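Notes for the structure review
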Amino acid sequence: MVPDESEAPVLRNAFEPWHLILIIAVLVLLFGSKKLPDMARGLGRSMRILKSETRALQDDERTGTPRTAETPRTAEAPHQETATPHQESAARH
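Every value quoted in this text rests on a predicted model; they were computed, and no experiment measured them.

Take the pattern of salt bridges next. Considering all chains together, one arrives at two salt bridges under this definition. Close ionic contact of arginine 41 with aspartate 38 constitutes a salt bridge, the shortest N to O distance being 2.8 Å. You can see arginine 41 and its partner aspartate 38 sitting in helix α2 (residues 36–63), three residues apart, about one turn around the helix. Residue classification places aspartate 38 among the partly exposed positions, given a relative accessible area of 45%. Between aspartate 59 and arginine 62 there is a salt bridge, with its nearest N and O atoms 3.0 Å apart. With a gap of three residues between them, aspartate 59 and arginine 62 both fall in helix α2, about one helical turn apart. With relative accessibility at 37%, the residue aspartate 59 sits in the partly exposed group. Exposure remark for arginine 62: the relative accessible area of 64% places this residue in the exposed category.

Reading the values: rules and limits
Residues numbered from 1 in each chain as written. Predicted model: local features only at pLDDT ≥ 70, side-chain atom pairs only at ≥ 80, totals over all residues. Heavy atoms only, no water. Salt bridge = Lys/Arg side-chain N within 4 Å of Asp/Glu carboxyl O. Helix = DSSP H or I, 4+ residues; strand = E, 2+ residues; numbered from the N terminus. Buried < 20%, exposed > 50% of the residue type's maximum accessible area, 1.4 Å probe, protein only.

Set out below in structure tokens:
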């Protein structure tokens, strides 16, 4: 039995280009254009951390040696916040 159009999935072709444009416009309106790059940077850092942790877990499974708190997975330098020129000028006033 062949399903007719009324039984087609509701979410077929759910995201079209205009949907993505609308989502981006709403994000810009909600958070402002100055906040979005910081949010994207934070998301990128989170994705890199997740990716490295996933690789470490996969490596642990292959070798069969579990990592403990005493053996860190990666040696990362602590992140230092740097002030933007806008923040520096605001601090002076």
